[in-house]
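Each chain, letter by letter, is given below.
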Amino acid sequence: MTTKRHEQVGLTDAQVLDMYYYMLLARKIDERQWLLNRAGKVPFVISCQGQEAAQVGAAFALETDKDFLCPYYRDLGLVLVFGQTARDCMLSAFAKAEDPNSGGRQMPGHFGGKKFNILTGSSPVTTQVPHAVGMALAGKMQNKDFVVYTSFGEGSSNQGDFHEGANFAGVHKLPVIFFCENNKYAISVPLKKQLACESVADRAIGYGFPGVSVDGNDPIEVYRVMKEAVDRARRGEGPTLIEAVMYRLVPHSSDDDDRVYRTREEVEEAKKKDPLIVFAAYLREIGLLDEHTEADMLARVQLEVDEATEYAENAPYPTPESTLTHVYGN
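Thresholds, definitions, all that
Just so you know, the residues in each chain are numbered from 1, in the order the chain's sequence is written. Totals for whole chains, interfaces and linings use every residue, but because this is a predicted model, local features are given only for residues with pLDDT of at least 70 and side-chain atom pairs only at 80 or more, for both listing and counting. Remark: hydrogens and water are excluded; side-chain values derive from all non-hydrogen atoms of the structure. Each helix is a run of H or I in the DSSP string that is no shorter than four residues. Each strand is a run of E no shorter than two, and both are numbered from the N terminus. For the radius of gyration, the atom set is restricted to C-alpha positions; the globular benchmark scales as 2.2 Å times the number of residues to the power 0.38. By the convention used here, residues are in contact when the closest approach between their heavy atoms is within 4.5 Å. In this description, accessible areas are obtained by the Shrake-Rupley approach with a 1.4 Å probe, and a residue is regarded as covered only by the protein chains that are shown. Charged residues are defined narrowly, with Lys and Arg counted positive, Asp and Glu counted negative, and His plus the chain ends left uncounted. In this description, the location of a charge corresponds to atom NZ of lysine, CZ of arginine, CG of aspartate or CD of glutamate. One speaks of a salt bridge when a side-chain nitrogen belonging to Lys or Arg is within 4 Å of a carboxyl oxygen belonging to Asp or Glu. With a 1.4 Å probe rolled over the protein chains alone, any residue whose accessible area is under 20% of its type maximum counts as buried; one over 50% counts as exposed, and the rest are partly exposed. In plain words, nonpolar cores are sets of buried Ala, Val, Leu, Ile, Met, Phe, Trp, Tyr and Cys residues tied together by side-chain atoms within 4.5 Å. Here a polar contact is taken to be a pair of N or O atoms separated by no more than 3.5 Å, where protein atoms must pair a possible hydrogen donor with a possible acceptor and residues adjacent in sequence count only if both atoms sit in side chains. Strand pairing follows a simple DSSP-based rule, namely that at least 2 bridges must link the two strands. The handedness rule is simple: strands pointing away from the viewer, and a clockwise path from the first strand over the helix to the second, make the crossover right-handed. Grid points spaced at 1 Å and placed over the protein atoms alone form the basis of the search, with a cavity being a set where a 1.4 Å probe fits but cannot get out and a pocket an open set showing protein on both sides within 12 Å along at least five of seven lines. Lining residues have an atom within 4 Å of a point. Grid points are joined across faces, edges and corners, and a volume is the space filled by probe spheres set on the points. Under the scheme applied here, ten amino acids are nonpolar (Ala, Val, Leu, Ile, Met, Phe, Trp, Tyr, Cys and Pro), four are charged (Asp, Glu, Lys and Arg), and all others, including Gly, are polar.

Asker: Talk me through the overall build of the protein chain; I want residue IDs and the actual numbers.
Answerer: If you tally the helices and strands in the protein chain, you get 11 helices and seven strands. For a compact globule of 330 residues, the expected C-alpha radius of gyration is about 20 Å, and the protein chain comes in at 19 Å, within 12% of that figure. The principal-axis extent of the C-alpha atoms belonging to the protein chain is close to 65 × 50 × 40 Å. Nonlocal contacts in the protein chain, meaning residues at least 24 apart in sequence, comprise 74% of its contacts between residues at least 6 apart. Element-wise, carbon and sulfur atoms account for 53% of the exposed surface of the protein chain, whose accessible area totals about 14,800 Å². Charge-centre separation for the protein chain: the mean point of 35 positive side chains lies 3 Å from the mean point of 47 negative side chains.

Quick look at the structure:
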């Protein structure tokens, strides 16, 4: 029998099956939102396909009841682990009043919610990074035992927000983890036109803390490096930059045509390393995922997505009078 790699990093059989469930749920929600978009029912989709393993692997190394997230717009897998549901995600896609992120005001992918320990996101890329650093500073000043996680694409690692946040966090040894989801393209700009160094992880040395590059298609390996970073942060040893290398399997968004900047052959080659396929194969090899278990999980996920879609489509929109709620002080 194949070695159970997950046990070597401290994960149980139940945990890796849960990892696969969250990865599958994120993929099926994402695929449904694309169908709804093409049917003219939801206005916009920004996809997580190809990035689920990194997100879920990272989330499992955090404590959902006390750690905080400052995620970026593709982090569907991450926020599901932290408590958002398929229904929550669909309410957001349809911009309905019950959307827990913003009451239907924000674009899809702008995750947030105090009850989920998720700081509200915004459209300008990388603004979540200095916010995460500020939260980590506050936690350190108040002697709170929490870690702040912030994620971003490799394109965001070229922004001033990233460099200022990393520098400040390094100087003050803050309990923050910078998690770069390197999916090879900043919309249409390939990695080779973004970085002169070998990898995003190389940038950490300039700020005085470790930088680690990891296979973003392997949730177990992502969990391992993330857990080391979380433990470092809790011990007061400061931040870590983790670069999870993966591939964006679909266009940048529902408004993008990726055929103009990458070949179909390149995309098809990347699909052979689809993290859901690779991880499912591992679970089968070690005897955790048989035909019956897989069918049951798929049926469970499909039912969740179907019920969430129906509920959200029929839910009420925000009232016109609510437009200025939270805009002006009362």
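Asker: Could you give an account of the pattern of salt bridges, naming the residues involved and the relevant values?
Answerer: In this structure the tally under the stated criterion is 26 salt bridges. Here Glu228 ties to Arg224 by a salt bridge, and the two come within 3.2 Å at their closest N and O atoms. In this pair, Glu228 and Arg224 are both assigned in helix 8 (residues 219-234), four residues apart and thus about one turn of the helix distant. Note on Arg224: relative accessible area 29%, which makes it partly exposed. Between Lys271 and Glu268 there is a salt bridge; the shortest N-O distance is 3.5 Å. Of this pair, Lys271 and Glu268 both sit in helix 9 (residues 264-271), three residues apart, roughly one helical turn. Taken together, the salt bridges that share partners define one network made up of Glu63, Lys66, Asp67, Asp145 and Arg234.

Asker: So what's going on with the nonpolar core? Which residues, and what values?
Answerer: Ile29, Leu76, Phe179, Met226, Phe279 and Leu283 are the most contacted members of the largest nonpolar core, which totals 71 residues. With residues near it in sequence (within four places) discarded, Met226 still touches Ala58, Ala61, Leu62, Tyr149, Ile177, Phe179 and Ile242. With 22 residues, the next largest nonpolar core counts Ala136, Leu195, Val200 and Leu241 among its residues.

Asker: Could you give an account of the environment of Ser254, naming the residues involved and the relevant values?
Answerer: As for its placement among the helices and strands, Ser254 is situated in the loop between strand 7 (240-245) and helix 9. Judged by relative accessible area, which is 8%, Ser254 ranks as buried. Here Ser254 is in contact with Trp34, Asn37, Arg38, Pro43, Phe44 and Val45, once residues within four sequence places are set aside. A polar atom in the side chain of Ser254 sits 2.9 Å from the backbone nitrogen of Val45.

Asker: Account for the pairing of strand 6 (residues 211-215), naming residues and giving values.
Answerer: Relative to strand 7, strand 6 runs parallel, the two sharing five bridges. Within strand 7, the position partnered with Val212 by the bridge is Ile242. Taken together, strand 6, helix 8 and strand 7 constitute a β-α-β crossover, and its handedness is right-handed.

Asker: Go over the environment of Glu243, please, and point to the residues and values.
Answerer: Take Glu243: it is sitting in strand 7. Its relative accessible area of 1% is what places Glu243 among the buried residues. Linking Glu243 and Glu154, residues 89 residues apart in sequence, is a C-alpha distance of 8.3 Å. When residues no more than four places from it in sequence are discounted, the contact partners of Glu243 are Cys180, Asn182, Ser199, Val200, Ala201, Val212, Ser213 and Val214. A distance of 2.9 Å separates a polar atom in the side chain of Glu243 from a polar atom in the side chain of Ser213.

Asker: Describe in detail empty space enclosed by the protein, supporting the description with residues and values.
Answerer: Going through the model one piece at a time under the given rule, you end up with two cavities of 30 Å³ or more. The calculated volume of the largest cavity comes to roughly 150 Å³. Gln33, Leu76, Pro108, Gly109 and Phe111 are, among the 16 residues lining the largest cavity, the residues nearest its centre. For the lining of the largest cavity, the secondary-structure elements that each account for two or more residues are helix 2 (13-38) and helix 5 (86-93). Here the lining of the largest cavity takes three residues from helix 5, the largest share from any one element. The residue makeup of the lining of the largest cavity, split by class, is eight nonpolar, six polar and two charged. In this structure, the second largest cavity spans a volume of roughly 110 Å³. A per-class count over the lining of the second largest cavity returns five nonpolar, eight polar and no charged.

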